[in-house]
Amino acid sequence: MKPPGGRARRGRVLPGRRSGRPVRRSRHFRQEQSGGLVHQPLFDAGHRGPVERARMLKRLGITRFVYDWRDKDIPSFDQEVDALEEYGIKLQGFWLTSGLQPAQEKNMHTVLDLWKRRKLKTEIWYLLVPPTTFNGLPQEQKVAQATKAAQYLAGEAKKIDCSVGLYNHGGWFGEPENQLAILERAATANVGMVYNFHHGREQMDRFAEFFPKILPHLMAINLNGMKKDAPMLLKLGEGYRELEKLRIIRDSGYHGPIGILNHSTERDAEVGLREKMGGLQKLRRQLGDEAALKTY
């Protein structure tokens, strides 16, 4: 299966292709590669609105933004789009959830209608939230039902030249092997994967095994500190496993977006994002990535 858009991203060497060709490392983890994923409105003690949020991202040098929202934010969707456009911030995507029947969910149509009306070319970072009865189903039925939901969303997104990223968030849907099964069954070019470190804590020990399999489908990777027997939300650079995982990512040739998150309701988003950017710089130094450090 091809990744969203039908081809590998420029500069990336995928496993099994052009054997013997050296992995390119010159563009890894640069500032322009980092997309800021700021969870709003819940995750900002500053309670910023659209304009204040766009100004903050501009100050930080973050050029891409993925929007997590709640029902109360729907009336300000247009202001969010206007503010991002004014300050030159790319709307990389919308976080979106649904059950097994996305066509029947009001918010699904609210987001799609916004994209059509504003002619947005972006991504859905999609989390499937099935009912509890889903857990008792055989694996084949789980894959079939999840695929049907993803295919509906992919079809709607394709009509407006947009794409869908399956978003790992724990549970059955958050396992990379299950998402790969969905992608294989869906056979849809505009569906890929968004991988979150913090929702993959139980997958740390097998990351090196499955990462080459998800690599061709990756649309973004969101970083977090990684340590066993520690809180899920750990400062970037304060764990001992994120460096190991970043080496795997670097050596793979991945050049897609790198996401950072302020995932605290008690911390100002600008403070949290600066902290994450500092942690990423620390990790770059440990990786010996001097070229990327010069972009900060």
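Right above here is the structure, for reference.
Predicted model, so just to flag it, every value in this text is computed and none were measured. (Residues numbered from 1 in each chain as written. Predicted model: local features only at pLDDT ≥ 70, side-chain atom pairs only at ≥ 80, totals over all residues. Heavy atoms only, no water.)

A.B. asks: Sorry if this is basic, but what is going on with the overall build of the protein chain here?
C.D. replies: Within the protein chain, the secondary structure is distributed over 9 helices and 8 strands. Contacts spanning at least 24 positions in sequence make up 78% of the contacts within the protein chain whose residues lie at least 6 apart. On the protein chain, roughly 13300 Å² of surface is accessible, and the fraction owed to carbon and sulfur atoms is 50%. (Helix = DSSP H or I, 4+ residues; strand = E, 2+ residues; numbered from the N terminus. Contact = heavy atoms within 4.5 Å. Areas by Shrake-Rupley, 256 points an atom, 1.4 Å probe, with all protein chains shown as cover.)

A.B. asks: Mind showing me how you'd approach helix α7 (residues 242-252) here?
C.D. replies: The periodicity of an α-helix, 3.6 residues per turn, causes residues three or four positions apart to be oriented the same way. Where α7 is concerned, the buried positions are E242, L243, K245, L246, I249, R250 and S252. Where α7 ends, the next residue or the one after it, G253, has phi of about 90°, a positive value. (Buried < 20%, exposed > 50% of the residue type's maximum accessible area, 1.4 Å probe, protein only.)

A.B. asks: Before we go on, may I ask you to explain the side chain of S98 in this structure?
C.D. replies: The residue S98 is located in strand β3 (residues 90-98) in this model. At 2.6 Å, the side chain of S98 forms a polar contact with the side chain of Y126. For S98, the contacting residues outside a window of four places in its chain are E105, M108, Y126, L127, L128 and V129. (Polar contact = N/O pair within 3.5 Å; in protein donor to acceptor, adjacent residues only side chain to side chain.)

A.B. asks: Would you explain the nonpolar core in this entry?
C.D. replies: As a rule of thumb, soluble globular proteins bury nonpolar side chains together. Ranked by size, the top nonpolar core spans 79 residues in total, and within it F94, W115, Y126, L218 and I221 carry the most contacts. Take this core: its biggest share by element is 7 residues, from helix α4 (residues 139-159). Those residues in contact with W115 that sit more than four places away from it in its chain are F94, L120, T122, E123, I124, I160 and C162. (Core = buried A, V, L, I, M, F, W, Y, C linked by side-chain atoms within 4.5 Å.)

A.B. asks: Help me out: how do you make sense of unusual backbone geometry in this one?
C.D. replies: Leaving glycine aside, a negative phi is the common case for residues, and trans is the common case for peptide bonds. Unlike most non-glycine residues, H47 shows phi in positive territory, near 50°. Structurally, H47 is set in the loop between β1 (34-39) and α1 (50-60). With phi around 55°, K119 is a residue other than glycine that occupies positive phi space. Tracing the chain through its elements places K119 in the loop between α3 (106-118) and β4 (123-128). Judged by relative accessible area, which is 66%, K119 ranks as exposed.

A.B. asks: It is not clear to me how the pairing of β4 should be interpreted in this structure. Could you clarify?
C.D. replies: Taken residue by residue, a regular strand's side chains alternate between the two faces of the sheet. Most of β4 sits inside the fold, with 6 of its 6 residues counted as buried. What you see with β4 is no split at all: E123, W125 and L127 on one side and I124, Y126 and L128 on the other are buried throughout. Pairing of β3 with β4 involves 6 bridges; the strand directions are parallel. Paired with S98 across the strands is L128, a residue of β4. After leaving β3, the chain enters α3 and then returns to the sheet as β4, a path that is right-handed. Bridging between β4 and strand β5 (residues 163-167) involves 4 bridges; their strand directions are parallel. Bridging from a neighbouring strand, I124 pairs with V164 of β5. (Pairing = 2+ DSSP bridges. Right-handed = clockwise from strand over helix to strand, strands pointing away.)

A.B. asks: I tried to follow the packing of aromatic side chains on my own but got confused; where do I start?
C.D. replies: In this description, a pair of aromatic rings is defined by centroid distance and the angle of the planes. Taken as a whole and judged by the stated rule, the model has 15 aromatic pairs. The interplanar angle of 75° and the centroid separation of 6.1 Å between the aromatic rings of Y67 and F77 together place this pair among those described as edge-to-face. Of the two residues, Y67 sits in strand β2 (residues 64-68) while F77 sits in helix α2 (residues 77-86), which places them 10 residues apart along the sequence. The pair Y67 / F77 is uniform in exposure class, with both members buried. Between Y67 and F94 the ring centres are 5.6 Å apart and the planes differ by 80°, which places this aromatic pair in the edge-to-face class. Within this pair, whereas Y67 is found in strand β2, its partner F94 is found in strand β3, the two being separated by 27 residues in sequence. Among the residues examined, F94 registers a relative accessible area of 2% and is labelled buried. Members of the aromatic cluster, joined through ring pairs, are F65, Y67, W69, F77, F94 and W115. Sitting over the ring of F197, K245 keeps its end group 4.0 Å from the ring centre. Looking at K245, its charged tip hangs above the ring of F207, at a distance of 4.6 Å from the centre. (Phe/Tyr/Trp six-rings, centres within 6.5 Å; stacked < 30°, edge-to-face > 60°. Lys NZ or Arg CZ within 6 Å of the ring centre and 35° of its normal.)

A.B. asks: Would you mind going over the pattern of salt bridges with me for this structure?
C.D. replies: Any two side chains of opposite charge can pair, on the condition that their charged atoms come close. Taken as a whole, this structure holds 21 salt bridges when the rule is applied. One salt bridge in this structure joins E80 and R53, with 2.6 Å as the shortest N-O distance. Taken together, the positions of E80 in helix α2 and R53 in helix α1 put the pair 27 residues apart, joining distant regions of the chain. Across the pair, exposure class does not vary: E80 and R53 are buried alike. Salt-bridge contacts for E175 lead to R206; the nearest nitrogen and oxygen are separated by 2.4 Å. (Salt bridge = Lys/Arg side-chain N within 4 Å of Asp/Glu carboxyl O.)

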